[in-house]
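# Structure assessment
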Amino acid sequence: MEFPAEVQNRINELAEGLELKVLKTAAERLSENYRAESSGGKRGAVSKTDVITYAAVRMAATFAAVSKTLELSLARFGGEITSILDVGAGTGAGAIAAARLCGCENVTCIEREENMLALGRELCGAADVSSAWENGDISQGIERRADLVICSYCLNELPEAQRENAVKSLAGAAGKLLVIVEPGTPFAFAGLKKTRQTLIESGFGIAAPCPHENECPLPEDDWCHFTARAQRSKLHKMLKNADIPYEDEKFCFVAAARGDFTPCAARVLRKPQIQSGFVTLKLCGEDGIKSETITKKSPLFKAARKAEHGGELPL
């Protein structure tokens, strides 16, 4: 799903009132914070300049990651979504993606930073997504409830001591489906594995990406991640000194469901190796991780040829 042009246009308009040098400095600072893995609960983008810069350099990538996450998650979950709650909503990227994919107009966003909240509300309006915005902090608990609860690029910023309670709070808010998205790094994935276990212990089933609810079979030096491609705007390329017209956002996620869902049979963990007459795939299935070579004689050959990293394969 493409990043809404009307949202990008509004970000460009807001950035026009700021000096490019100031925006670049803010972009460098935000990138350093992002690479630092965890902020330990410290506040990141707070000022008006920071939140506009954050929207310019991070919103399209966040939108791409959440969109792909929801596509993979909703394919496994067959229930109807009539309400959406985006916790730590930031610029509203997740809320916009969810509203468009689910066709839902009952959208509530919770955000801690006042300037980010104001910007998120404005950008949701630009996307023609009707949303109610409230000031709130995930570490203080969540009182709102919704069929679908989204929390993207948020838990990783909390001190580790606060994460489990935050996950339990998110679980309590989700009536049908809870989707958590984090950066596609070993550090974030290690935290996500703990989150996954907390959700299982809270009575949820794992709808995606896992094909099972067993202990994650990946070794400690490996991690499960996905990639979503986002087109770079002219402003983004200027702020990041980039020439390539796109960026590939790496992320990891877990989708936990109440009620009926159908997990995939096998998840493709790495880029398929396609050779003449056969395809080699690294798969995660109910019986663990294995390398599978699928030849032309197999009824799965066509599916294997079309398989992508992060995709599914029937067994």
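Residues numbered from 1 in each chain as written. Predicted model: local features only at pLDDT ≥ 70, side-chain atom pairs only at ≥ 80, totals over all residues. Heavy atoms only, no water.

Our focus in this paragraph is the overall build of the protein chain. Tallying secondary structure elements over the protein chain gives nine helices and 12 strands in all. The C-alpha radius of gyration of the protein chain comes to 19 Å, within 12% of the 20 Å expected for a compact globule of 315 residues. The buried share among the 315 residues of the protein chain stands at 50%. When the accessible area of the protein chain is evaluated, it comes to approximately 14900 Å², of which 47% is carbon and sulfur surface. (Helix = DSSP H or I, 4+ residues; strand = E, 2+ residues; numbered from the N terminus. Rg over C-alpha atoms; globule rule 2.2 N^0.38 Å. Buried < 20%, exposed > 50% of the residue type's maximum accessible area, 1.4 Å probe, protein only. Areas by Shrake-Rupley, 256 points an atom, 1.4 Å probe, with all protein chains shown as cover.)

To describe a pair of aromatic rings, you give the distance between the ring centres and the angle between the ring planes. Throughout the structure, instances matching the rule amount to four aromatic pairs. Plain terms: the ring middles of Phe3 and Phe63 are 5.5 Å apart, the flat faces sit at 70 degrees to each other, and that makes the pair edge-to-face. Of this pair, Phe3 sits in the segment before helix 1 (5–15) while Phe63 sits in helix 3 (residues 48–74), and the two are 60 residues apart along the sequence. Taken individually, Phe3 and Phe63 each receive the classification buried, so the pair is uniform in this respect. Ring centres of Phe251 and Phe253 lie 6.4 Å apart, and the angle between their planes is 35 degrees; on these two criteria the pair is classed as tilted. Given a relative accessible area of 0%, Phe251 falls into the buried group. The class of Phe253 is buried, set by a relative accessible area of 3%. Among the aromatic side chains, those forming a connected cluster through ring pairs are Phe226, Phe251 and Phe253. One Lys or Arg, Arg58, reaches over the ring of Tyr153 and ends 5.3 Å from the middle of that ring. Seen from the ring of Tyr246, Arg229 lies directly overhead, with NZ or CZ sitting 3.7 Å from the centre. (Phe/Tyr/Trp six-rings, centres within 6.5 Å; stacked < 30°, edge-to-face > 60°. Lys NZ or Arg CZ within 6 Å of the ring centre and 35° of its normal.)

Each α-helix turn comprises 3.6 residues. Residues three or four places apart therefore point the same way. Among the 10 residues in helix 4 (residues 93–102), seven count as buried, and that is most of the element. Considered for burial, the residues of helix 4 that qualify are Ala93, Gly94, Ala95, Ile96, Ala97, Ala98 and Ala99. In the core, the buried residues of helix 4 are packed alongside helix 1, helix 3, strand 1 (84–87), strand 2 (107–111), helix 5 (114–126) and strand 4 (146–152). Positive backbone phi, approximately 65 degrees, marks Gly103, located one or two places after helix 4. (Contact = heavy atoms within 4.5 Å.)

Judged from the five bridges that link them, strand 2 and strand 3 (residues 131–135) form a sheet pairing that is parallel. Across the sheet, residue Thr108 finds its bridge partner in strand 3, namely Ala132. Crossover connection from strand 2 via helix 5 to parallel strand 3: handedness right-handed. (Pairing = 2+ DSSP bridges. Right-handed = clockwise from strand over helix to strand, strands pointing away.)

A few words on the packing of helix 6 (residues 160–173) against helix 7 (residues 186–201). Where helix 6 meets helix 7, the closest approach of the two axes is 10 Å, and the angle between their N-to-C directions is 45 degrees. With respect to helix 7, the element helix 6 is oriented oblique. The way helix 6 lies across helix 7 gives a crossing that is right-handed. Residues Glu160, Arg163, Glu164, Val167, Lys168 and Ala171 of helix 6 touch helix 7, and the partners they reach there are Phe187, Lys194, Thr195, Thr198 and Leu199. When the residues that make up the contact of helix 6 with helix 7 are grouped by side-chain class, the tally is four nonpolar, two polar and five charged. (Axes fitted to C-alpha atoms, helices over the stretch in contact; angles between N-to-C directions. Parallel < 35°, antiparallel > 145°, perpendicular 65-115°, else oblique. Left-handed = near helix turned anticlockwise from the far one by under 90°. Nonpolar A, V, L, I, M, F, W, Y, C, P; charged D, E, K, R; others polar.)

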